[in-house]
Amino acid sequence: MADSEAVVAQTSSATAFTAAGYPPVYNDTNSDASGAAATKNVEDLTATGATTTMEDSNISFGATELTNYIADGSDLALSDEEERLWSIVRANSLDFNAWIALIEETEKMSEGNILKIRKVYDAFLVEFPLCYGYWKKYADHEARLGSMDKVVEVYERAVQGVTYSVDMWLHYCIFAISTYGDPETIRRLFERGLAYVGTDYLSFPLWDKYIEYEYTQQDWSRVALLYTRVLENPNQQLDRYFEGFKELVANRPLSELRTGEEAAAAALENSENGGQEVEGENLPNAVEQSSKPVSASLKDAEELEKYIAVREEMYKKAKEFDSKIIGFETAIRRPYFHVRPLSGVELENWHNYLHFIEGVGDLSKVVKLYERCLIACANYPEYWIRYVRCMEASGSMDLAENALARATQVFVKRQPEIHLFAARFREQHADVAGARSAYQLVHTEISPGLLEAIIKHANMEHRFGNLEDACSLYEQAIAIEKGKEHSQTLPFLFAQYSRFLFLVAGKVEKARDILDQALENTLLSKPLIEALIHFESVQSLPKRMDYLDSLVDKFIVPTADNPNVASITEREELSSIFLEFLDLFGDAESIKKADDRHAKLFLSHGSSPESKKRLAEDYLISDKTKLAKSSLPSSAPSVMGAYPNAQNQWPAGYGLPQGWPQVAQGQAQQWTPGYAQQSAYSAYGAYGTGYPQQQVPASVPQNAAYGAYPPTYPTQAFGQQSYAQPATAATLTPAPQSSAVPPTAYYGSYY
């Protein structure tokens, strides 16, 4: 057997990401002996390290290594167009269109130069390992050069990169059939593929090819066994397979259809039954002898009927389950990977399908459906997070770790949401160093200055008793943002740091000093003045009424020297907030002054429809309803929520000096526990709006996969994986939410 044939026969893809040091991917086996043997082979070779890995081929890269690899082209002569395209993918390795143009240009300019072709395919497939069509093209290039060992290497890397792709295993098996003569080698490869994708609803091309191969071998017992196996699970072509099985049985004798084990079991049963019949009886006479062929014929007919009945029962059970999932399956319009976003309907269908299968309680089915889903939905962190949480809940920590590693290191590695989830996951499993590393990666590479990451990291350090480290995180972030011109994040950082100091450290004066520093270092903004008003509302008397009034006046009254760029909605809302503050703590004179100013600026010119509706609701809805609505996000970024319902966010006791209002415990949950009740867009926390809009280069398209954050933090735009632009919130239908929303505490809409 040639070396490449040995690899086909022996190499296992059970560890789809072995090269990256990931835990093994789940592998379920079929109930038959061949499937069991294949799995045993998988386990043996995994244990001995016989797997051909991406590492062996020198293409297992981190971000830095990839940049260095594609930058090193000194040994290859490149055309001007190739140089230009390489420079684009060096700058943005997720520019899918640039990669495709580079591959096409390289193939056109490098006929016969396999080194250049290998270089571009290796680099591209590190970033997009699910593009099985390009693995096939890569293998075809190697095949044209007659390098069978290289072809096998490419296919092995392919089935590691896209292990649950029916098409990838099909192409590999077709290659093996056309290349090797040993049937056992080919069968082992088919069994490896079926161990992963044999129960896929669209796996029929691989089953067809396997059955077709056994037909060419005229091994009828193997053909019958394949039909038996395929009838055990729902399949798009299940009816066709049952008809094919009946046709086979009609054309071949039962003796040819039974496997050796089945024939031995039938013979043993017959001998036991026959022995019972003749025990204690005389030998048969001539009449009895003549009736034996008839009896044997009847016995054969009964056995054939029983043989068919067993398979028919399998078929009926599979059809019954098929009726439960057919709606989900037919709603899957794009089962393969592509950088284009999926529709909201299709994303929602995946969530509903996963929820149904999770309810079935079969871990094998759950894992394989998640793996199918994460081919089509690879660009969406919410599905990776759901997968990790599901495996964690089932006690399958190896599978949870594997999924999280693939998400953070390959598929959504440039999206901050997955790293924030990873940090929380690590912390919950006592891996503090791992949690810190995840946060640090966001701070330094993924999304520097991301407010949510700073807040969560600081809170984690506080949980571990590191108050100084927590404060240092805020201070370092503030120092960095101070160096930026017109930072939109800076006011929120000051406000959150002040809140942290007051609530956690109990440092009232320092908290006030931080807010005063904010006024010195930033332009006046609604969030900042809101923070000051809230801070004063929970301090002991006397309040700094005149000071706050001057700030509000400066913000809401445009002058020639101060042409306020804030929208009229923001200015009107802030004026309403201040009026409510005065209603609680001011005197008649101060209230009249602010009321007159509000009327002059906003009522005389007509309020916006939103403002009118909001003001009407203030008078018409009950306090209880207002409290429930107070945590819903405002149309504009706000430190404490939509106004003029702000009064409802100030529980009784605001005037007391002993502390801030009580934080509702229900708001502490950061990771949504009930994925089943959520829409495709909200499965992971459905983060709402609120972060200031951080400027992102125009060349980086915005990705909505995690752009909507829960009403806990303000919305902040991130530089994201530019090849995918999942559907925006407007295109999705979120699941109904409970109306019992707890009242919002200080800065309630952000924390």
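These numbers were taken from a predicted model, which means no experiment stands behind them. (Residues numbered from 1 in each chain as written. Predicted model: local features only at pLDDT ≥ 70, side-chain atom pairs only at ≥ 80, totals over all residues. Heavy atoms only, no water.)

(A) Representation of the overall build of the protein chain within the structure. On a plain count of helices and strands, the protein chain comes out with 32 helices and 0 strands. Buried positions account for 52% of the 751 residues belonging to the protein chain. A fraction of 67% describes how many contacts in the protein chain between residues 6 or more apart in sequence connect residues 24 or more apart. A total of about 32900 Å² of accessible surface is found on the protein chain, and carbon and sulfur atoms cover 53% of it. (Helix = DSSP H or I, 4+ residues; strand = E, 2+ residues; numbered from the N terminus. Buried < 20%, exposed > 50% of the residue type's maximum accessible area, 1.4 Å probe, protein only. Contact = heavy atoms within 4.5 Å. Areas by Shrake-Rupley, 256 points an atom, 1.4 Å probe, with all protein chains shown as cover.)

(B) Main features of the pattern of salt bridges. All told, the structure shown has 47 salt bridges when counted by the stated rule. Among the salt bridges present, the one from Lys-593 reaches Asp-549, with a minimum N-O distance of 3.2 Å. Taken as a pair, Lys-593 in helix H30 (residues 588-603) and Asp-549 in helix H28 (residues 545-556) lie far apart in primary sequence, 44 residues in all. Linked through salt bridges whose partners overlap, the residues forming this network are Glu-184, Arg-187, Glu-214, Asp-219 and Arg-222. (Salt bridge = Lys/Arg side-chain N within 4 Å of Asp/Glu carboxyl O.)

(C) Broad picture of the packing of helix H18 (residues 363-376) against helix H19 (residues 381-393). The interhelical angle for the contact between H18 and H19, taken along N-to-C directions, is 165°, at an axis separation of 10 Å. Compared by their axis directions, H18 and H19 come out roughly antiparallel. Where H18 crosses over H19, the two elements pack in a sense that is left-handed. Seen from H18, the contacting residues are Leu-363, Val-366, Val-367, Tyr-370, Glu-371, Cys-373 and Leu-374; seen from H19, they are Tyr-383, Trp-384, Arg-386, Tyr-387, Cys-390 and Met-391. Classifying every residue of the contact of H18 with H19 gives 11 nonpolar, no polar and 2 charged. (Axes fitted to C-alpha atoms, helices over the stretch in contact; angles between N-to-C directions. Parallel < 35°, antiparallel > 145°, perpendicular 65-115°, else oblique. Left-handed = near helix turned anticlockwise from the far one by under 90°. Nonpolar A, V, L, I, M, F, W, Y, C, P; charged D, E, K, R; others polar.)

(D) Spatial organisation of the environment of Glu-371. Counting through the fold element by element, Glu-371 comes out in helix H18. The buried category is assigned to Glu-371, whose relative accessible area is 5%. Sequence-wise, Glu-371 and Val-162 are 209 residues apart; in three dimensions their C-alpha atoms are separated by 9.4 Å.

(E) Summary view of the environment of Asp-182. Tracing the backbone through its elements, the reader meets Asp-182 in the loop between helix H9 (166-179) and helix H10 (183-197). You can call Asp-182 partly exposed: its relative accessible area is 25%.

(F) Representation of the packing of aromatic side chains within the structure. One pass over the structure, following the stated rule, counts 32 aromatic pairs. Seen in terms of ring centroids, Tyr-155 and Phe-175 are 5.5 Å apart; in terms of plane orientation they differ by 35°. Their pairing is tilted. Here Phe-175 lies in helix H9 and Tyr-155 lies in helix H8 (residues 148-161), a separation of 20 residues in the sequence. Relative accessible area serves as the criterion here: at 3%, Tyr-155 is assigned to the buried category. Given a relative accessible area of 9%, Phe-175 falls into the buried group. Linked through ring pairs, Tyr-155, Tyr-164, Trp-169, Tyr-172, Phe-175, Tyr-180 and Tyr-196 together constitute an aromatic cluster. Geometry around Tyr-307 places Arg-311 over its ring, the cationic atom sitting 3.8 Å from the centre. (Phe/Tyr/Trp six-rings, centres within 6.5 Å; stacked < 30°, edge-to-face > 60°. Lys NZ or Arg CZ within 6 Å of the ring centre and 35° of its normal.)

(G) Spotlight on the confidence of the model for the protein chain. Within the protein chain, residue pLDDT values average 75, and 66% of them lie at 70 or more. Across residues 10-64, confidence stays below pLDDT 50; counting only partners more than four residues off in sequence or on other chains, it has 113 contacts. This model gives residues 277-281 a pLDDT under 50, and the stretch forms 0 contacts once residues within four places in sequence are excluded. (pLDDT = per-residue confidence, 0-100.)

(H) Here's a closer look at unusual backbone geometry. The residue Gln-218 is not glycine, and still its phi comes out positive at about 55°. Mapped onto the elements of the fold, Gln-218 is located in the loop between helix H11 (204-217) and helix H12 (220-230). Here Gln-218 falls in the exposed class, since its relative accessible area comes to 56%. The phi dihedral of Ala-430 is positive, around 65°, even though this residue is not glycine.

(I) Just the side chain of Ser-525, in detail. Take Ser-525: it is sitting in the loop between helix H26 (508-521) and helix H27 (526-537). Ignoring any residue separated from it by four or fewer positions in sequence, one finds Ser-525 in contact with Pro-491 and Phe-555.

(J) The arrangement of the packing of helix H21 (residues 416-428) against helix H22 (residues 432-446) in detail. At a minimum axis separation of 7 Å, H21 and H22 run at an interaxial angle of 160°. The angle between H21 and H22 falls in the class roughly antiparallel. Crossing of H21 against H22: the hand is left-handed. The segment H21 lies against H22, with Pro-416, His-419, Leu-420, Ala-422, Ala-423, Arg-424, Arg-426 and Glu-427 engaging Gly-434, Ala-435, Ala-438, Tyr-439, Leu-441, Val-442 and Ile-446. Among the residues making up the contact of H21 with H22, the classes are represented as 10 nonpolar, 2 polar and 3 charged.

(K) Structural context of H22. Helix length check: H22, at 15 residues, gives a terminal C-alpha distance of 20 Å against a target of 21 Å (1.5 Å per residue), a fit within 8%. Restricting attention to buried positions, one finds in H22 the residues Val-432, Ala-435, Ala-438, Tyr-439, Val-442, His-443 and Ile-446. Contacts from the buried residues of H22 go to H21, helix H23 (451-463) and helix H24 (467-482). (Expected span 1.5 Å × (residues − 1).)

(L) A look at the side chain of Asn-235. Mapped onto the secondary structure, Asn-235 falls in the loop between H12 and helix H13 (238-251). With a relative accessible area of 3%, Asn-235 lands in the buried category. Within polar-contact distance, the side chain of Asn-235 engages the side chain of Ser-203 at 3.4 Å. Once you skip the residues sitting within four places of it in the chain, Asn-235 turns out to touch Asp-200, Tyr-201, Ser-203, Phe-204, Trp-207, Val-230, Tyr-241 and Asp-322. (Polar contact = N/O pair within 3.5 Å; in protein donor to acceptor, adjacent residues only side chain to side chain.)

(M) Summary view of the environment of Tyr-474. By the secondary structure assignment, Tyr-474 is in helix H24. With a relative accessible area of 1%, Tyr-474 lands in the buried category. Separated by 17 residues in sequence, Tyr-474 and His-457 have C-alpha atoms that sit 9.6 Å apart. Other than its neighbours up to four places away in sequence, Tyr-474 contacts Ile-454, Ile-455, Ala-458, Leu-493, Gln-496, Tyr-497 and Phe-500.

(N) Broad picture of the nonpolar core. The biggest cluster of nonpolar side chains holds 114 residues, and the ones touching the most others in it are Trp-99, Phe-124, Phe-128, Leu-206, Trp-350, Cys-377 and Tyr-383. With near-sequence residues (within four places) excluded, Cys-377 lies in contact with Leu-342, Leu-347, Trp-350, Tyr-383 and Trp-384. (Core = buried A, V, L, I, M, F, W, Y, C linked by side-chain atoms within 4.5 Å.)

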